[in-house]
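Summary of structural features
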Amino acid sequence: VAIETSLKRALKKNELELYYQPKVDDAQTIIALEALVRWNHPERGFIPPSEFIPLAEENGLIIPLGAWVIKTACLQLARWSLEEKTSSLTIAVNLSIKQLQSDNFVATVERILKSTKCPKGKLIFEITETLFMGDVDAIVSKMRNIKEMGVHFSIDDFGTGYSSLSAIKKIPLDELKIDQSFTQDIKSTDDEAVIIHTIIGMAKNLGLRVVAEGVETNAQFEFLKNAGCHVFQGYLFSKPLPFEALKKIL
Ligand code: G
Ligand code: G
Ligand code: MN
Ligand code: NA
């Protein structure tokens, strides 16, 4: 069966699952999670998102798939809001630019937030610099509408894409995630890591919270803490986990 047909079936038959990767503060306390979708295929086993997200973006399935991801994250946030241990956690969901470009996206988000009783201020959308390739003004206006509903925006994989430093000012962001390739360039605590310092300085001047991605070593963690990052994510703390495994470490 073509992967396209089976992806439609996957959506209907609940073969998709959200994994969660923790984000920690400088004391390594888990303060947030990033939701990462997995496809548990009945014959082929787990298929990574890098294999089906691009396809779903091409054939339009990203719209219902993306809505499923947002709804699942919101239901989780609504449940977590009732328990003291988890009530302060936020969940970040990756958005495809195709979702932001679609006509009904703002209404879809509003409907999901209402129907799930998602707590305000706990959902974050991660977008990438591909948004600069389209009609930026139209995207910005949708982002403003969504922010009014209490959703925050983060720019993901920052530093690898198409944005100029001046363009980043135009979009209403709350957070900036430094791409993991820059983190992985840090070899020691006294590394110069000029690009990282530059990105952090810019982000802070713009009033953005700074997240470092792809932290794998203590040297990288120490360097990034000293450089002024607020939040850290990477295999040093935890890989993405299925819900049951995540529950044990919360
Ligand atoms: O960790 P991982 O292999 O899960 O992620 C691979 C890529 O797939 C990342 O770039 C991530 O942003 C993307 N991705 C994971 N989940 C989603 C999702 O729900 N929607 C979109 N659009 N991208 C996702
Ligand atoms: O594009 P985005 O940042 O959403 O994708 C996250 C991807 O990075 C996922 O595939 C996730 O599994 C992966 N990832 C998360 N932490 C690390 C890390 O410390 N090292 C590496 N190499 N990959 C990571
Ligand atoms: Mn991401
Ligand atoms: Na990223």
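Preceding this section is the structure that the text describes.
Residues numbered from 1 in each chain as written. Chains lettered and ligands numbered in written order. Predicted model: local features only at pLDDT ≥ 70, side-chain atom pairs only at ≥ 80, totals over all residues.

1. So, the site of ligand 1
Here is the rule: In this analysis, residues qualify as near a molecule or strand once their C-beta atom, positioned from backbone atoms, comes within 6 Å of it. Labels follow the DSSP assignment, with helices taken as runs of H or I lasting at least four residues and strands as runs of E lasting at least two, numbered in each case from the N terminus. Think of it as three bins: nonpolar holds Ala, Val, Leu, Ile, Met, Phe, Trp, Tyr, Cys and Pro, charged holds Asp, Glu, Lys and Arg, and polar takes everything else, Gly as well.
Around ligand 1, the neighbouring residues are Leu36, Val37, Pro48, Pro49, Ser50, Ile53, Gly66, Val69, Asn94, Leu95, Ser96 and Pro240. Mapped by element, the contributors of at least two residues to the shell around ligand 1 are β2 (30-41), α2 (49-59) and α3 (62-80). With three residues, the single largest contributor to the shell around ligand 1 is α2. When grouped by side-chain class, the residues that make up the shell around ligand 1 number eight nonpolar, four polar and no charged.

2. Focus: the site of ligand 2
Around ligand 2, 13 residues are found, and the nearest of them are Asn94, Gly214, Glu216, Gly234 and Tyr235. Here the shell around ligand 2 is built from residues that sort into four nonpolar, five polar and four charged.

3. Digging into the packing of helix α1 (residues 3-12) against α2
Angle between the axes and distance between the axes: these two values describe a pair of packed helices. Inclusion rule: For helices, the axis comes from a line fit to the C-alpha atoms of the stretch in contact; other axes are also lines fit to C-alpha atoms, and the angle between any two N-to-C directions lies between 0 and 180 degrees. The scheme is simple: roughly parallel for angles under 35 degrees, roughly antiparallel for over 145, roughly perpendicular for 65 to 115, oblique for anything else. For every residue pair, C-beta atoms are placed from the backbone, and the pair is scored as a contact if these atoms sit within 7 Å.
Where α1 contacts α2, the two axes come as close as 11 Å, and the packing angle between them is 95°. The pairing of α1 with α2 is recorded here as roughly perpendicular in orientation. Across from Ile3, Glu4 and Leu7 in α1, the residues of α2 making contact are Phe52, Leu55, Ala56 and Asn59.

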